[in-house]
Amino acid sequence: MKTLILEEPEKFKRVDTPEPGLPGPGQALLRVQRIGVCGTDLHAFVGRQPFFEYPRILGHELGVEVVAVGDRVDQVQVGDRCAVEPYLNCGACRPCHLGRNNCCEHLQVMGVHVDGGMREQIVVPANKLHVSQALEFEQLALVETMGIGAHAVDRAQLTKGDKVLVVGVGPIGLGVVQFAQIAGAEVLVIDADAGRRDSCRAQFGVEHALAPSVDSLAELVEVLGGELPSTVFDATGNANAMMQSFFYVANAGQLVYVGFQLGEIAFPNPEFHRREMTMLSSRNAIGADFKRIIDWMEEGKIDTRPWITHRATFDDVVERFPAWREPSTGVVKAVLAM
Ligand SMILES: [Zn+2]
Ligand SMILES: [Zn+2]
């Protein structure tokens, strides 16, 4: 079967690999139809993804069709269209018992720690599948990436009328914008890229999309009528931006780090204390996030049209992939058809 392997940084190879065979108990065999390309994939491609081993089959944002099921599978049937929750958890650790398998102590993410979906067929545990008969495969391939934003918004427990700032509006930040709006928050954004700011205004109804500057704090106060945001989400994955985001949080407010980077984040202790600030991280998503997003897509509450900006096939993906690193190409989400 057709398989795309990332052999080493900057080097994809199209190869033929054996089909995975019949699924075991609790498993499903899937035909991979669409694959979303993510920042993680792009970082792996350039060799900047931490703890990443080569060679690896990428692909964790999957829209799939069930081809066969093993014994004791009742979640899905042959022919079902599904989104895949690509987080393989142990089921035994404390986070797993708490239902927080997104941060399982032994978590393995498909396409990152183990081989993913850039191949024609794949076997996964059936309990990681989320069915929709109504959605297109490329919409199903968006569910995982949106799940990150939905989960972050859930972590923050937003309420109607909250004033929310999202710093960094790549695909993850955009997901946060979308779900914060659904939660009834007033959302503004900061992003260094003018194209992304324009798209937030035009397609996501964000009134105030600001460029980062030395005056950002004063601008926020002005836009919000003398206040600071009650919740700040940082989805930049950039240490300087993350440290700056700290200062945008109102007293009694909260800061949610959705993105991360490899170094240390520092903040002045008195500023933290004066605010009585809550600081949270948000990692991956849980099954309930996938289900909620599928429902909202089916109901039309989420418009997927602004999301997919680039498409490729197995035959031209190797040539097209490198350009998706550049925000100047206007890429929100590139989707590969297997
Ligand atoms: Zn992703
Ligand atoms: Zn676990």
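For the structure, check the block above.
Residues numbered from 1 in each chain as written. Chains lettered and ligands numbered in written order. Predicted model: local features only at pLDDT ≥ 70, side-chain atom pairs only at ≥ 80, totals over all residues. Heavy atoms only, no water.

S.K.: What am I meant to see in the pattern of salt bridges here?
M.R.: Between side chains of opposite charge, pairing is possible as soon as their charged atoms come close. Tallied over the full model, the rule gives 17 salt bridges. Linking Lys13 and Glu7 is a salt bridge whose minimum nitrogen-to-oxygen distance equals 3.9 Å. For Glu7, a relative accessible area of 27% gives the class partly exposed. Where Asp303 meets Arg305, a salt bridge forms, and the shortest distance between an N and an O atom there is 2.9 Å. When salt bridges with common partners are traced through the structure, they connect Glu7, Lys11 and Lys13 into a single cluster. (Salt bridge = Lys/Arg side-chain N within 4 Å of Asp/Glu carboxyl O. Buried < 20%, exposed > 50% of the residue type's maximum accessible area, 1.4 Å probe, protein only.)

S.K.: I would appreciate a short explanation of the coordination of the zinc ion (ligand 2) in the present structure.
M.R.: Tetrahedral coordination by four donors places them ideally at 109.5 degrees to one another around the metal; octahedral coordination by six donors ideally gives 90 or 180 degrees. Distances from the zinc ion (ligand 2) to its protein donors, Cys90 (SG), Cys93 (SG), Cys96 (SG) and Cys104 (SG), fall within 2.3 to 2.4 Å. Every donor counted, the four donor atoms about the zinc ion (ligand 2) form angles of 103 to 120° at the centre, which fits tetrahedral coordination. In primary-sequence terms, the residues that donate to the zinc ion (ligand 2) follow C-x2-C-x2-C-x7-C. Overall, the relative accessible area of 8% leaves Cys93 in the buried class. (Donors = N, O, S within 2.8 Å, 3.2 Å for Na, K, Ca; no water. Tetrahedral: all angles 85-135°; square planar, octahedral: opposite > 155°, others 65-115°.)

S.K.: Where do I start with the side chain of Ser282 in this structure?
M.R.: Within the fold, Ser282 resides in the loop between β15 (278-281) and α10 (287-299). Under the relative-accessibility criterion, Ser282 is labelled buried at 7%. A polar contact of 3.4 Å, which involves the side chain of Ser282, links it to the backbone nitrogen of Ala152. Contact partners of Ser282, with chain neighbours within four places excluded, come to Ile148, His151, Ala152, Arg155, Val256, Tyr257 and Val258. (Helix = DSSP H or I, 4+ residues; strand = E, 2+ residues; numbered from the N terminus. Polar contact = N/O pair within 3.5 Å; in protein donor to acceptor, adjacent residues only side chain to side chain. Contact = heavy atoms within 4.5 Å.)

S.K.: Please clarify how the sheet that holds strand β13 (residues 231-234) should be interpreted in this entry.
M.R.: The six strands lie next to each other as β12-β11-β10-β13-β14-β15, forming an open sheet whose pairing is parallel. Lying at the two open borders of the sheet, with one neighbouring strand each, are β12 (209-210) and β15. Contacts from helix α4 (residues 143-156) reach β13, β14 (254-257) and β15 within the one sheet, and its direction differs from that of β13 by about 150°. (Pairing = 2+ DSSP bridges. Axes fitted to C-alpha atoms, helices over the stretch in contact; angles between N-to-C directions.)

S.K.: What should I look at first to understand the coordination of the zinc ion (ligand 1) in this one?
M.R.: Protein-derived coordination of the zinc ion (ligand 1) comes from Cys38 (SG), His60 (NE2) and Glu61 (OE), at a distance range of 2.1 to 2.4 Å. Read from N- to C-terminus, the donor residues coordinating the zinc ion (ligand 1) fall into the pattern C-x21-H-E. You can see Cys38 sitting in the loop between β3 (27-37) and α1 (39-46) and its partner Glu61 sitting in strand β4 (residues 61-69), a full 23 residues away along the chain. Each member of the pair, Cys38 together with Glu61, is buried.

S.K.: So what exactly am I meant to see when it comes to α1 here?
M.R.: Owing to its 3.6 residues per turn, the α-helix brings residues three or four apart onto one side. Regarding α1, the residues found buried are Asp41, Leu42, Ala44 and Phe45. Along the axis of α1, the buried residues cluster in a sector spanning 160°; they form a single face. Contacts made by the buried residues of α1 are with β1 (2-8), β2 (11-16) and β3. Gly47, located one to two residues past α1, shows a positive phi value of around 85°. (Arc of directions from axis to C-beta.)

S.K.: Which parts of the structure should I look at to understand unusual backbone geometry?
M.R.: With omega at -5°, the peptide bond leading from Tyr54 into Pro55 counts as cis. When you line up the elements, Pro55 lands in the loop between α1 and β4. Of note in the backbone geometry, Gln157 takes a positive phi value of approximately 50° without being a glycine. Mapped onto the elements of the fold, Gln157 is located in the loop between α4 and β10 (163-167).

S.K.: Whenever I open this one, the nonpolar core confuses me. Can you help?
M.R.: If you look at the biggest cluster of nonpolar residues, it comprises 88 residues, and the most contacted ones within it are Leu30, Leu129, Val166, Val189, Phe233 and Trp324. When residues in this core are grouped by element, the largest group, seven residues, is from α4. Those residues in contact with Leu129 that lie beyond four places of it in its chain are Ala28, Leu30, Val64, Val66, Val76, Cys82, Ala83, Val84, Val124 and Lys291. In this structure, Ile190, Leu224, Leu255 and Met277 belong to the second largest nonpolar core, which totals 17 residues. (Core = buried A, V, L, I, M, F, W, Y, C linked by side-chain atoms within 4.5 Å.)

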